[in-house]
Amino acid sequence: MSQRTAYDYIIVGGGSSACVVAARLVRDGKARVLVLERGPRKANPIMHFPAGYMKFLAKDTYLSMHQTKPQEQLNGRGPIVPQGKVLGGGSTVNAMVYMRGQAADYDRWNEAVTEPGTNNDGAWSYRDILPYFKAQEDNDHLGGEFHGVGGPLKISDLGHTSPMTRTYVKTLQGMGIPYNPDFNGAEQFGVGFMQHTIDWQTRRRCSAVDAFLAPVMNDPLLTIETGATVTRLVLENGRAVGVDYMQNGSKKTATAGVEVILAAGAYQTPKIMMLSGIGPEEELSRHGIQTAVSLPGVGQNLQDHYECPVVATTKGSFGYYGADRGWPMIKAGLQYLLFKSGPATTTGVETCAFYDPDGNNAEPTIQMFCVPTVYLDRDVMGTDPGDGVTINSLLLRPKARGSVTLASSDPFANPIVDTQIFTHPDDLRLTIASFRFARTVLAASPMRELIDREIFPGIDVTSDEAIADHCRRTVKTGYHPVGTCRMGHDRDPEAVLTPDLKVRGVDRLRVIDASIMPTIVSGNTNAAVLGAAAKAADLILA
């Protein structure tokens, strides 16, 4: 027999968006809120170090590893995509980059939720969402039109940068890409140093838990249950009234007097909806699930960022190879603990450039990272790691669309993630063009003075087809899946959500995570999720 408890709001998932909304509902709405997170309540203290996340990148301690569907166009590869599985979600385990994307990204959202031929403003434009970004932000040195000071989310430059990073920034300026001191400002085009969600005073990670949830953590109105896996939504007479979940082997039920809010991420949110009978009828019937609400867009429209590398060795140690073990690691740890300085105050990826290989630099299509080490698994590259540099070209707005479907009716089974990477010819074309440009960066001064030789894929790989094969072999996720329960206008048959994030056909059910995005933003997605969640909180409280 299941235990039953009543609340005003139930939030399914404990990631970035959940922390923002739960805090607002408790603080401003004086509501009884239950947050259900399937991961643990806290991560290892090492995760507070800016460099600490690298210790857990390949482990499933705080990550749910989604093995994606093998892709014919990738010669049968199905890259693994991890997602945060801990209170705070991605903000607790990510590389902390704070990148909002381009103003045009949010204007495209606004267009998606505005009915054609009407004068209605969907209220998701950049103009609409910028105030939310500013209100959240406490920036270490940026202010004015685009940045906030005094908000709960600490944002700063890194405390340490490598010689390779600084050389990369100078090289690209010499190649005609201007220095950009603020990728979240007036324009994105250029090369510069990325800002991160790190407190500049303590040099600690500032997760969504730290920024938003911690101030209300002891409020009796807030209940947080971890190790809790939601198995289905409870629907009665066309409305969401609660959830069933498993915790420590026990089945439990919680009821919501006002709303159930889904914040489980772009993979798990559509899975939970489909397990509850909300989704494409054909998909539900395939697993013996009775359709409660037919919504063909649930699980469709999957988008992610994808990146491909070129790797070179260097004539010396200009980056971070070997810094994560032995005496260098101990020394860096001591320096961090004593002085809050040194290599432990970096995330290891300190710079990037935004540009468009086709020349439309008003809206860059590539984010090109400089990783100051040999950053690939040996089984992919065929070469041992060592001193070197990896330049990764990440595609910002892929045109291909994937999907998330059920593997079975088992709520503990991960869904089937079909990425459809490179199925649109423009996606591969732009990736090849950026790979070629990355090679010219390695050959340009002052970068070339540090470079020994290209080791992967090797200088003999020159034709478009050979480079395409390299990209198919190495393409990996940018860890930014979005879009699987997208918002849209009333005449859009694939729109799962209304512009105010309500699930169509179900009363008292909303979605607030990265699933809501009609199109992916041009940069690391955590900032966009935080800003959208702040707007979602206003919509819910209204």
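Owing to the predicted nature of the structure, the values given are computational and were not obtained by experimental measurement. In every chain, residue numbers begin from 1 and rise along the written sequence. It should be noted that, the model being predicted, local features are given only for residues of pLDDT at least 70 and side-chain atom pairs only at 80 or more, the latter also being counted only at that level, while totals for whole chains, interfaces and linings use all residues. Note that water and hydrogens are dropped before the side-chain values are worked out from all heavy atoms of the structure.

The subject of this paragraph is the pattern of salt bridges. A pair is scored as a salt bridge if a Lys or Arg side-chain nitrogen falls within 4 Å of a carboxyl oxygen belonging to Asp or Glu. Evaluated as defined, the whole model comprises 27 salt bridges. Of the charged contacts, one joins aspartate 28 and arginine 27 as a salt bridge, the two residues approaching to 3.1 Å between their closest N and O atoms. You can call arginine 27 partly exposed: its relative accessible area is 45%. Two residues, arginine 429 and aspartate 426, come together in a salt bridge whose shortest N-O distance is 3.5 Å. Residue arginine 429 and its partner aspartate 426 are located together in helix H11 (residues 425–442), separated by three residues, close to a single helical turn. Partly exposed residues are those whose accessible area sits between 20% and 50% of the maximum for their type, while under 20% is buried and over 50% is exposed, using a 1.4 Å probe and protein chains only. Comment: elements are numbered from the N terminus, with helices defined as DSSP H or I runs of at least four residues and strands as E runs of at least two.

This part is about empty space enclosed by the protein. In the cavity and pocket records, a cavity denotes points on a 1 Å grid over the protein atoms alone where a 1.4 Å probe fits but cannot get out, a pocket denotes an open set with protein on both sides within 12 Å along at least 5 of 7 lines, and lining residues are residues with an atom within 4 Å of a point. Grid points are joined across faces, edges and corners, and a volume is the space filled by probe spheres set on the points. Inspection of every chain in the model, using the stated rule, returns two cavities of 30 Å³ or more. Computed from the structure, the largest cavity encloses a volume of approximately 50 Å³. Polarity classes work like this: nonpolar for Ala, Val, Leu, Ile, Met, Phe, Trp, Tyr, Cys and Pro, charged for Asp, Glu, Lys and Arg, and polar for all others, with Gly in that last group. Partitioning the lining of the largest cavity into residue classes produces seven nonpolar, two polar and one charged.

Our focus in this paragraph is the packing of helix H3 (residues 103–113) against helix H4 (residues 126–136). Running from amino to carboxyl end, H3 crosses H4 at an angle of 120 degrees, the nearest separation of the two axes being 8 Å. Judged by the inter-axis angle, H3 sits oblique to H4. In this structure, H3 contributes Ala103, Tyr106, Asp107, Trp109 and Asn110 to the contact, and H4 contributes Tyr126, Asp128, Ile129 and Phe133. Split by residue class, the contact of H3 with H4 holds six nonpolar, one polar and two charged. Here, axes are lines fitted to C-alpha atoms. For helices the fit covers the stretch in contact, and angles between N-to-C directions go from 0 to 180 degrees. What sets the label is the angle itself: under 35 degrees gives roughly parallel, over 145 gives roughly antiparallel, 65 to 115 gives roughly perpendicular, and the rest give oblique. Whether two residues are in contact is decided by their heavy atoms, any of which lying within 4.5 Å being enough.

Mapped onto the elements, asparagine 94 comes out in the loop between helix H2 (90–93) and H3. Using a relative accessible area of 19% as the deciding quantity, one classes asparagine 94 as buried. We define a polar contact as two N or O atoms separated by no more than 3.5 Å, with the added condition that, inside protein, one atom must be a possible hydrogen donor and the other a possible acceptor, whereas residues neighbouring each other in sequence contribute only through side-chain atom pairs. Reaching out from asparagine 94, the side chain makes a polar contact with the backbone nitrogen of methionine 96 at a distance of 3.0 Å. When residues no more than four places from it in sequence are discounted, the contact partners of asparagine 94 are Tyr53, Arg205 and Asn526.

Let us now look at the UniProt feature "domain: Glucose-methanol-choline oxidoreductase N-terminal" (unreviewed entry) in the protein. UniProt positions are given in the numbering used here, feature names are shortened, and annotations may be inferred rather than shown by experiment. Taken from the UniProt record, the annotation "domain: Glucose-methanol-choline oxidoreductase N-terminal" (unreviewed entry) applies to residues 84–107 and 265–279. Between the first and last C-alpha atoms of residues 84–107 the distance is 28 Å; the span itself is 38% helix and 4% strand.

We now examine the domain arrangement of the protein. A common way to express how large an interface is: the accessible area buried when the components associate. Note that the domain bounds were set by an automatic or database domain assignment. The domain boundaries assigned to the protein delineate domain 1 (1–101 + 205–299 + 404–409 + 482–541) and domain 2 (158–194 + 303–400 + 422–474). Summarising the inter-unit geometry, the C-alpha centres of domain 1 and domain 2 are found 31 Å apart. At the interface, 30 residues of domain 1 touch 28 residues of domain 2. Once two parts are joined, some of their accessible surface, as seen by a 1.4 Å probe, is lost; buried area is that loss totalled over both. Carbon and sulfur atoms supply 55% of the area buried between domain 1 and domain 2, which totals about 2200 Å² over both sides. The three residues of domain 1 that bury the most area against domain 2 are Met99, Ile520 and Ser522, which together make up 25% of that side's buried surface. Our count for the domain 1 to domain 2 interface comes out at zero salt bridges. Partitioned by chemical class, the residues of the side of domain 1 that touches domain 2 number 18 nonpolar, nine polar and three charged.

It is worth spelling out the UniProt feature "binding site: FAD" (unreviewed entry) in the protein at this point. As annotated in UniProt, the feature "binding site: FAD" (unreviewed entry) corresponds to Val86, Asn94, Ala95, Met96, Val97 and Val230 in the numbering used here. Across 145 residues, the annotated set is spatially dispersed, with a maximum C-alpha separation of 29.6 Å. When you line up the elements, valine 86 lands in the loop between strand S4 (80–84) and H2. Given the relative accessible area of 0%, valine 86 is considered buried. Excluding its chain neighbours within four sequence positions, the residues that come into contact with valine 86 are Gly14, Glu37, Gly39, Pro40, Lys42, Ala43, Tyr62, Thr92 and Val93. Looking at the element boundaries, valine 230 is found in strand S9 (residues 228–236). Of the residues examined, valine 230 reaches a relative accessible area of 5% and is grouped as buried.

For the rest of this paragraph, the subject is the nonpolar core. The biggest cluster of nonpolar side chains holds 90 residues, and the ones touching the most others in it are Val21, Val33 and Val243. Of the residues forming this core, the biggest block, ten residues, is contributed by helix H13 (residues 526–541). Here, nonpolar core refers to any group of buried Ala, Val, Leu, Ile, Met, Phe, Trp, Tyr and Cys residues whose side-chain atoms link them within 4.5 Å. Formed by 38 residues, the second largest nonpolar core is a distinct cluster that contains Leu74, Leu430, Leu442 and Val461.

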